[in-house]
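# Remarks on the overall topology
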Number of protein chains: 2
Amino acid sequence: MSLTFQEAYQDLRHIYDQTRQAASVPFTLRDAERALAALLTTDNLWEAIRLSHVPLRALSTFWHQLIKAGLLKAHDGALRLTESGQALTQALGVAPLREATCAHCEGRGVDYRTLPEGVAERFAEIARHRPEAIQAYDQGFVTDATTLSRIAFAWHRGDLEGKAIIVLGDDDLMSIAAALTGAPAHILAIDIDERLIQFINEVARQEGLDRLEAVRYDLREPLPTAWLRRFDTFLTDPTESFLGFKTTIERGLLALRGPGSAGYFGLTHVESSYEKWAQIQRFLLDHGAVLTDLIDDFSAYVNWGYIESMRSWEWLPTHSLPERAWYYSALHRIELLRTPDLDNTAVEGDIFSDAEAATT
Amino acid sequence: MSLTFQEAYQDLRHIYDQTRQAASVPFTLRDAERALAALLTTDNLWEAIRLSHVPLRALSTFWHQLIKAGLLKAHDGALRLTESGQALTQALGVAPLREATCAHCEGRGVDYRTLPEGVAERFAEIARHRPEAIQAYDQGFVTDATTLSRIAFAWHRGDLEGKAIIVLGDDDLMSIAAALTGAPAHILAIDIDERLIQFINEVARQEGLDRLEAVRYDLREPLPTAWLRRFDTFLTDPTESFLGFKTTIERGLLALRGPGSAGYFGLTHVESSYEKWAQIQRFLLDHGAVLTDLIDDFSAYVNWGYIESMRSWEWLPTHSLPERAWYYSALHRIELLRTPDLDNTAVEGDIFSDAEAATT
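Residues numbered from 1 in each chain as written. Chains lettered and ligands numbered in written order. Predicted model: local features only at pLDDT ≥ 70, side-chain atom pairs only at ≥ 80, totals over all residues. Heavy atoms only, no water.

### Here's the deal with the overall build of chain A
For the record, the criterion: Secondary structure follows DSSP: runs of H or I at least 4 residues long count as helices, runs of E at least 2 residues long count as strands, and numbering of each begins at the N terminus. Taken over C-alpha atoms, the radius of gyration is set against a globule rule of 2.2 Å times the number of residues to the power 0.38. For the exposure calls, accessible area comes from a 1.4 Å probe over protein chains only, and a residue counts as buried if that area is under 20% of its type's maximum, exposed if over 50%, partly exposed in between. The Shrake-Rupley method, run with a 1.4 Å probe sphere, supplies the accessible areas, and residue values consider only the shown protein chains as cover. Only four residue types enter the charge count: Lys and Arg as positive, Asp and Glu as negative, with His and the chain ends excluded. Just so you know, the charge point we use is NZ for Lys, CZ for Arg, CG for Asp and CD for Glu.
Looking only at helices and strands, chain A has 11 helices and 9 strands in total. In summary, chain A has a C-alpha radius of gyration of 21 Å against a globular reference of 21 Å for 360 residues, a match within 12%. Expressed along its principal axes, the backbone C-alpha trace of chain A runs to roughly 70 × 40 × 35 Å. Taken across its 360 residues, chain A has 62% of its residues classed as buried. Here chain A displays about 13,600 Å² of accessible surface, and carbon together with sulfur accounts for 47% of that area. Chain A carries 34 positive and 52 negative side-chain charges, and their two centres are separated by 3 Å.

Following this line, the structure appears as structure tokens:
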């Protein structure tokens, strides 16, 4: 059973090459190492996804190749390395993951308990009655602590108080949390989902949040002239196909006044490789935006009702419903150094899906 | 005294233009807003620097212009907006800063108390005897909590255990903290300062850290062949002139094995504008590196002994020694997606200074 590093590396390299062939999405040897490290750390499938930080399209293919090679067994929602699998990781020198996340702020660095008294409680009470996440719009909302922490973070960065804010797609109810602080000058939430528009406007009326309004809008349409260059801050949590992501961010950039304005968005590992992250970073720089903050695993998503019908369900080697949060995203903040040169045109085609998309 | 927004904006714009003329470094209207917000939040000069997130070269020029316009008074280490200054900020709608930093992890998101028992205590005991920071090498070291948190973070990301690590410039003693965990396969610390080399090698001997070694090396020289493409992880906290920064990162990238390898570095606001940040982000992407984490204000620096002889001392409108940490840097992690195409040649000229440099 005792392998040399060279033998183990050749075995891994073979499985890696097969994974690359089978899944036509970016996948690196470091991704393979991360996936093995996660399997040394947990036998829960959803925990393994969370810890791997590898796109699910590639990760599930890698798991299938490990199973085929007799290195992994999948059963009843559990993934267990076999003796040969253990021997391989040992010979490769792969170490289990050692999380160092701060328990108090769940790794965010900001503490939403610094928000004015009552905001968190009022938000939780309102959010209890929110519309359910639906697959047609690739919805899936974050925990209350996440939404509140995003607002606390934006306030800390000077992007909330006295500012005009636009929220592009708001199943996370960020517009409501922002309005409850009383700090922004004005908040506009836009969404394609009529249920959310009604919900936010009804909350605004009932809670007396007169600086908050919600308007139905499909991001594929050009941004209405009244919203062009009118906002100091955009907040969004885009769908992650590159086209969907790019379209959402472009609308956000078009809504900003210009240099000095800021934008916030989330980006995951589940649906986006570091290759896609790099592509997005270049896109942002090319449009005059500098990345000022990037806090991974900032946003934790509440498990949505359509897990079993998402496209990645059938990729999984074993099936059970997740019992804890497993889908996380990294919070990004950008600041404009220049006015971006962008067209405000309609976008055609499927903005919800690309090769790495997992939840649509 | 009551100004309209338009009048206030014209006043600010005038002061802003004069600042731009007087200081030939990047400075944005958003920087001016941040500087005013800081002045609404504290009257302590060093706290104002910390909160502004604006390069000190531009910030101090802006303060002088505010003083000239009768909007600010500087006295005995305190900066106070005059009545006209208060009226201006009010008319502009500038809000005081509202920090939301998690008190438990000091905003880092990682908790160094997750390190194995005894590491923090042993490190603190060792670091008590470290060589003092000297100006000739632009030194200034971070708090023990910062060094330990960087190591906890690298472990969490899978860049420590079983890995070969190079530390480029180590007045923060990261190599010692890494070695104390017992996790890395090998750690090489390189520095120009003979005192640090002796100190680290002496600690390695006394503490029985046989995987740790320190070697004297001047970053301006080509990287020795024995270190080329030999490491999984580099850690560094570069001097921030663009040339100095670029040289340090290039040596780090040359030391990495290739795709999947990771690098960590710090970058400040005190000495680097967002314009320079963007320039650095593009440089990294161009060399095949993706930015995976960017946690601002992660690193807190212990006040060094040469405050009064640093070049920025004479820029300040009033003088007193800082009583708390005021110089912070943002922790960046990159991961290589491609092998960078870089020359390993000697670098000529002043790597410690550029127009924004403040501490040399």
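Right, picking up where we left off after that structure.
### Quick notes on the pattern of salt bridges
Close approach of charged atoms allows side chains with opposite charge to pair. The following threshold applies: Salt bridges are defined as contacts in which a side-chain nitrogen from Lys or Arg sits within 4 Å of a carboxyl oxygen from Asp or Glu.
Counting across every chain of the model gives 54 salt bridges over all chains. For E125(A), the salt bridge identified is with R128(A), shortest N-O distance 3.2 Å. Overall, E125(A) belongs to the partly exposed group, its relative accessible area being 41%. In this structure, R333(A) and D159(A) form a salt bridge, with 2.7 Å as the shortest nitrogen-oxygen distance. Here D159(A) lies in the loop between helix 7 (144-156) and strand 3 (164-168) and R333(A) lies in strand 9 (residues 328-336), a separation of 174 residues in the sequence. Here R333(A) and D159(A) have matching classes, each one buried. One network of salt bridges, with partners in common, ties together R30(A), D31(A), E33(A), R34(A), D159(B), K163(B), R333(B) and E335(B).

### So, the relation of the copies chain A and chain B
As a reminder of what qualifies: When the copies are overlaid, the least-squares fit takes in C-alpha atoms only where the residue has pLDDT of at least 70 in both copies. Two residues form a contact once any of their heavy atoms are found within 4.5 Å.
The operation relating chain A to chain B is a screw motion whose rotation component is 180°, with 0.0 Å of axial translation and a residual RMSD of 0.0 Å. Here the symmetry operator amounts to a two-fold rotation axis. By residue overlap, the copies meet face to face through one surface: 100% of the interface positions of chain A are interface positions in chain B.

### Overview of the packing of helix 10 (residues 242-255) of chain A against helix 11 (residues 274-286) of chain A
Residue and element names in this part refer to chain A. Put simply, the rule reads: Each axis is a line fitted through C-alpha atoms, taken for helices only over the stretch in contact, and angles between the N-to-C directions span 0 to 180 degrees. Here is the rule for angles: anything less than 35 degrees is roughly parallel, anything more than 145 is roughly antiparallel, 65 through 115 is roughly perpendicular, and the remaining ranges are oblique. Handedness of each helix crossing follows the sense of rotation of the near helix against the far helix: counterclockwise by less than a right angle gives left-handed, clockwise gives right-handed. Polarity classes work like this: nonpolar for Ala, Val, Leu, Ile, Met, Phe, Trp, Tyr, Cys and Pro, charged for Asp, Glu, Lys and Arg, and polar for all others, with Gly in that last group.
Two elements in contact, helix 10 and helix 11, have axes separated by 12 Å at closest approach and are oriented at 25°. The angle between helix 10 and helix 11 falls in the class roughly parallel. The two elements helix 10 and helix 11 meet at a crossing, and its hand is right-handed. Where helix 10 abuts helix 11, its residues F242, F245, K246, I249 and E250 lie against K276, Q279, I280, F283 and L284. In the contact of helix 10 with helix 11, the residues fall into 6 nonpolar, 1 polar and 3 charged.

### What about the pairing of strand 1 (residues 72-75) of chain A?
All names here are of chain A. Rules: Strands were regarded as paired on the criterion that DSSP finds at least two bridges between them.
The pairing of strand 1 with strand 2 (residues 78-81) spans 4 bridges and is antiparallel. From the neighbouring strand, A74 faces strand 2, where its bridge partner is L79. Linkage of strand 1 to strand 2, two consecutive antiparallel strands, is achieved through a turn of 2 residues, within which D76 is found at a positive phi near 60°.

### Regarding the domain arrangement of chain A
All names here are of chain A. Our working definition: Boundary definitions for the domains trace back to an automatic or database domain assignment. A simple way to read buried area is as the amount of 1.4 Å-probe accessible surface that goes missing from two parts once joined, with both sides added. In protein, a polar contact requires one atom able to donate a hydrogen and another able to accept it; more generally it is a pair of N or O atoms within 3.5 Å, and residues adjacent in sequence count only if both atoms are side-chain atoms.
Split into domains, chain A comes out as domain 1 (5-92) and domain 2 (112-336). Averaged C-alpha coordinates put domain 1 and domain 2 at centres separated by 32 Å. Facing 22 residues of domain 1, the contacting portion of domain 2 comprises 24 residues. Summing the contributions of domain 1 and of domain 2, the shared interface buries around 1,900 Å²; its carbon and sulfur component is 69%. When residues of domain 1 are sorted by the area they lose upon contact with domain 2, W46, H53 and L56 head the list and together hold 37% of the total. One can count 6 residue pairs in polar contact (both at pLDDT 80 or more) joining domain 1 with domain 2. Counting residues per element, the ones that place at least two in the side of domain 1 that touches domain 2 are helix 3 (45-52), helix 4 (56-68), strand 1 and strand 2. Here the side of domain 1 that touches domain 2 is composed, by residue class, of 12 nonpolar, 5 polar and 5 charged.

### Some thoughts on the interface of chain A and chain B
Contacts between chain A and chain B engage 51 residues on the former and 51 residues on the latter. Of all residues in chain A, R30(A), R98(A) and H156(A) bury the most surface against chain B, accounting for 16% of the area lost on that side. Across the contact surface, chain A and chain B share 10 salt bridges. Residue E275(B) pairs with R338(A) through a salt bridge whose shortest N-O separation is 3.5 Å. Where chain A touches chain B, the interface holds 28 residue pairs in polar contact (both at pLDDT 80 or more). Listing elements by their share of the side of chain A that touches chain B, those giving two or more residues are helix 2 (29-41), helix 7, helix 11, strand 8 (289-300) and strand 9 of chain A. Ranked by residue count, the leading element in the side of chain A that touches chain B is helix 11 of chain A, at 8 residues. When grouped by side-chain class, the residues that make up the side of chain A that touches chain B number 21 nonpolar, 11 polar and 19 charged.

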